[in-house]
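# Tertiary structure, described
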Amino acid sequence: MKIVFVSDFFVDEMLGGAEIYDDVLINLFAADNIEVVKLRSSELTDKHVKLYAACGNHFVVSNFCHMSEPAAVQLISHPGSYSILEHDHKYLRTRDPSIYDDFLAPPDMILNRSFYASAKNIFAQSKIHAETIAKNLKINNVINLGMSLWTDEQLQIIENNSNNEKAPDCSVVKSDNPTKNTVAAENFCKDRELPYTLIGSNDYAEFIKQLASHESHTYIPKVLESFNRTLLEARMLGCKLYTTNLNGCISEDWFKKYKGAELIEFVRSERSRVYGDIKSAIFEERKGLPDVECSDVTVILNAYRRPYNLKMQIDALKNQTKPPKHIWLWVNAHEDNENFDFKSLDVDRVFHNDYNWKFYGRFAAALLADTEYIAIYDDDTVPGSKWHENCLNTMKTHEGILGSAGVILNGNRYVQHDRCGWPSQNSEITEVDLVGHAWFFKREWLKYLWQEKPTTWDNGEDIQFAFMSKIHGGIPTYCPPHPPEDREMHGSILGNELGIDNKATSTNSNITHQQFFSERDVCVQTGLQKGWETVNSVKL
């Protein structure tokens, strides 16, 4: 199980309190050997949600102002597959409950209720924050974490500056964010004749040094703050505070109890407790589940012009009900992938070539495998979670080359054909003449592909493999069931979305559409000349 972490921005893009908190949490997951996939909310699509949710992964949604409606709707359609890490009040049109009596907004001011109600957990930052969310949305899935998160390095910076000499004035954070209300803090100081200094820096160490250099700190929030990290940092530094009750951290019982060094140590100790609460709430239902036994399959992926699909493919393969024993990656040289970090991928082997071996290279790599079965995927093919199981079950009754997109020839030209598999969603096992997009076959059958030199190295490996296996080994080709009611059995669940672009070989500007299919016609006719017996008994 992976964590898919969704937010409007991450810490390398914006140095806000939410982004800092998220970054600490992401690193805690990583230190606990839990893989985290980071996605900006603007990049999250309904397709991502379908895939990751189907694979049993869990979304942690932080700030989501840039999330598309289709993505949100798809999350709602998978209740319990996501948790919301709430940093403010995105369930209100005003984003501020403090303008209402008892922080309770009228019903017509409520937003996104279904989104919050369908979440497995809503993690609130403080007691007053949690209470306000729960009573406005009338839900019971809110968990008060009761603390923000700091790294050891950040706490050490605070500790190192805690005894700094302090000027007898007040610090005020200079911010362009209207909710931080810098003007109100300045007016507060002016009205009370408190000397003050505006502070601010994107460098954390410098900001803490500035904060520690003043005897007091003033913050007059414009909205009900979920927590406010700076206020607690000032208290850890021993500063006197001028503020209001619109700060979540003040609602916590421990706030008045600790200050200075004691507060630093308390915050440090609370980090493991907060992380433990988050982790247990997310993983609770998965405790005690048996590990899934790997099947005797080596997967070979292909990288050419779409390396950005690889992560999605690998996740889908590792979340198969019958996951493969090995995942290998064959990389054909192209400028579209030359700067891609293939070492970052969770695969067992990488064949990194300085030449484009086109379609046949990956089938050559398969000869090195030591498993009973081979599964090969095009770079636009993401299987449903039950695809390998579907293939293994099909092998029990219809042993042959299996695939997700089948072709039944109706004439001696390739273009004269009917399609089977994910494009037409056959409910029963169907014999076809050839398959593509995803292949599943016995390793020993590779000898038929390499028994004779291919008709062309530039095209038609699917055709060559099918007719050579049929002619020389009597091996038929089938499409396993692709029932419309269970897409997890399909060999490709995003075929239309990922495969139809200008990077597809069939639409590539380097060759004409006519040339591509003419080459395939020649491959078909070569097979027929050699005695290929097709489903419809096609002749030359």
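From a predicted model like this one, the values you see are computed outputs, not experimental measurements.

Before going further, it helps to spend a moment on the state of the cysteines. A full pass over the atoms with the stated rule returns 0 disulfides. Of all cysteine sulfurs, the one in Cys189 lies closest to Cys170, which takes part in no disulfide; the gap is 4.2 Å. Accessibility expressed as a relative area gives 0% for Cys189, which makes it buried.

Once that is clear, we can look at the nonpolar core. Judged by nonpolar contacts, the single largest core of 63 residues is most densely connected at Leu301, Phe440, Phe441 and Trp532. It is strand 18 (residues 434-442) that provides the largest number of residues to this core, a total of 6 residues. With residues near it in sequence (within four places) discarded, Trp532 still touches Leu409, Asp433, Leu434, Ile463, Ala466, Phe467, Lys470, Ile471, Val524 and Gly527. Counting residues in hydrophobic clusters, the runner-up holds 48 residues, among them Ile3, Ile158, Tyr219 and Trp254.

Let us now look at the environment of Tyr373. Relative to the assigned elements, Tyr373 resides in strand 14 (residues 373-377). Overall, the relative accessible area of 10% leaves Tyr373 in the buried class. Distance in space between the C-alpha atoms of Tyr373 and Trp150 is 48 Å, their sequence separation being 223 residues. In this structure Tyr373 touches Asp296, Val297, Thr298, Leu392, Met395, Phe440, Phe441, Lys442 and Arg443, once residues within four positions along its chain are discounted.

Okay, the pattern of salt bridges next. With the rule as written, the count across this model stands at 33 salt bridges. A salt bridge links Asp152 to Arg268; the shortest N-O distance between them is 3.8 Å. Of this pair, Asp152 sits in helix 6 (residues 152-161) while Arg268 sits in helix 10 (residues 260-283), and the two are 116 residues apart along the sequence. A salt bridge links Asp379 to Arg306; its shortest N-O distance comes to 2.6 Å. Of this pair, Asp379 sits in the loop between strand 14 and helix 13 (387-397) while Arg306 sits in the loop between strand 11 (295-303) and helix 11 (310-318), and the two are 73 residues apart along the sequence. You'll find Asp379 and Arg306 in the same group, each marked buried. Here the residues in one salt-bridge network are Asp152, Glu159, Glu265, Arg268 and Arg271, joined through shared partners.

Taken in spatial order, the 4 strands of this open sheet run 8-7-9-10, and their pairing is parallel. Of all strands in the sheet, those bounded by a partner on one side alone are strand 8 (196-199) and strand 10 (240-242). Between one strand and the next, the sheet's axes are offset by a mean angle of 35°, whatever the strand orientation. In this sheet, strand 9 (residues 214-218) lies alongside strand 7 (residues 167-173) in parallel orientation, the contact comprising 3 bridges. Looking at strand 9, one finds that Ser171 is bridged to His217. Those strands touched by helix 7 (residues 182-191) are strand 7, strand 8, strand 9 and strand 10, and its axis lies near 155° from that of strand 7. Packed on one face of the sheet, helix 8 (residues 204-212) meets strand 7, strand 8 and strand 9 and runs near 105° to strand 9.

With that settled, consider helix 10. Residues three or four positions apart in an α-helix share a direction because the helix packs 3.6 residues into each turn. The end-to-end C-alpha distance of helix 10 is 35 Å, a good match for the 34 Å that 24 residues give at a rise of 1.5 Å each. If you look at helix 10, its biggest bend is around 30°, right at Glu270.

This paragraph deals with helix 1 (residues 17-31). When the terminal C-alpha atoms of helix 1 are compared, their 21 Å separation across 15 residues agrees well with the 21 Å that a helix rising 1.5 Å per residue should span. Where the residues of helix 1 are buried, they touch strand 1 (3-7), strand 2 (36-40), strand 4 (82-85), helix 6, helix 9 (229-236) and helix 10. Following helix 1 by one or two positions, Asn33 has its phi on the positive side, about 60°.

What follows covers the confidence of the model for the protein. Residues at a pLDDT of 70 or more form 96% of the protein, whose mean pLDDT is 92. Here helix 16 (residues 495-499) stands out as the least confident element of the protein, with mean pLDDT 73; strand 19 (residues 477-479) is the most confident, with 98.

Right, let's get into the sheet that holds strand 2. Reading across the sheet, the 6 strands line up as 2-1-3-4-5-6 and stay open at both edges, with parallel pairing between neighbours. The open sheet is flanked by strand 2 and strand 6 (142-144), the only strands paired with a single partner. Averaged over all adjacent pairs, the angle separating strand axes in this sheet is 20°, with direction ignored. Relative to strand 5 (residues 121-124), strand 4 runs parallel, the two being bridged by 3 bridges. Note on strand 5: the bridge partner recorded for Ser83 is Asn121. Sitting on the sheet, helix 5 (residues 127-137) is in contact with strand 5 and strand 6, with an inclination near 170° to strand 6.

Let's shift gears to the packing of helix 2 (residues 46-54) against helix 11. The contact between helix 2 and helix 11 brings their axes to 9 Å, and the two run at 30°. Taken together, the axis directions place helix 2 and helix 11 in an arrangement best described as roughly parallel. In this structure, the crossing between helix 2 and helix 11 has a hand that is left-handed. Judged by residue contacts, His48, Leu51 and Tyr52 of helix 2 engage Lys311, Met312, Asp315 and Ala316 from helix 11. Across the contact of helix 2 with helix 11, the residue classes tally to 4 nonpolar, 1 polar and 2 charged.

This brings us to the packing of helix 9 against helix 10. Each pair of packed helices gets described by two things: the angle between the helix axes and the distance between those axes. The contact between helix 9 and helix 10 brings their axes to 7 Å, and the two run at 130°. Viewed along their axes, helix 9 and helix 10 adopt a mutual orientation that is oblique. Side by side, helix 9 and helix 10 meet where Leu232, Arg235 and Met236 of the first sit next to Gly260, Leu263, Ile264 and Val267 of the second. Here the residues of the contact of helix 9 with helix 10 sort into 5 nonpolar, 1 polar and 1 charged.

Parameters at a glance
Every residue gets a number counted from 1 within its own chain, in the order that chain's sequence is written. Note on the predicted model: pLDDT of at least 70 is required for a residue's local features to be given, and 80 or more for side-chain atom pairs to be given and counted; whole-chain, interface and lining totals, by contrast, use all residues. Water and hydrogen atoms were dropped before computing side-chain values, which therefore reflect all heavy atoms in the structure. Note on disulfides: each one is a pair of cysteine sulfur atoms within 2.5 Å. Buried means the residue's accessible area, taken with a 1.4 Å probe over protein chains only, is under 20% of the maximum for its type, while exposed means over 50%, and partly exposed covers the values in between. Joining through side-chain atoms within 4.5 Å is the link that ties buried Ala, Val, Leu, Ile, Met, Phe, Trp, Tyr and Cys residues into a set, and such a set is a nonpolar core. Strands here are runs of E lasting at least two residues and helices are runs of H or I lasting at least four, both read from the DSSP assignment and numbered beginning at the N terminus. Any two residues having at least one pair of non-hydrogen atoms within 4.5 Å are treated as being in contact. One speaks of a salt bridge when a side-chain nitrogen belonging to Lys or Arg is within 4 Å of a carboxyl oxygen belonging to Asp or Glu. Following DSSP output, two strands are said to pair if at least two bridges run between them. Lines are fitted to the C-alpha atoms to define the axes, a helix being fitted only along its stretch in contact, and any angle between axes, read from their N-to-C directions, falls within 0 to 180 degrees. Here the expected length of a helix is defined as 1.5 Å per residue gap, with one fewer gap than residues. Here the bend at a residue is taken as the angle between two axes, fitted respectively to the seven residues that end there and the seven that start there. pLDDT: the predictor's confidence for each residue, scored from 0 to 100. Comment on the angle field: the value is read as roughly parallel under 35 degrees, roughly antiparallel over 145, roughly perpendicular from 65 to 115, and oblique elsewhere. Less than a right angle of anticlockwise turn of the near helix away from the far helix marks a crossing as left-handed, whereas a clockwise turn marks it as right-handed. All amino acids are sorted into three groups, where Ala, Val, Leu, Ile, Met, Phe, Trp, Tyr, Cys and Pro are nonpolar, Asp, Glu, Lys and Arg are charged, and the leftover types, Gly among them, are polar.

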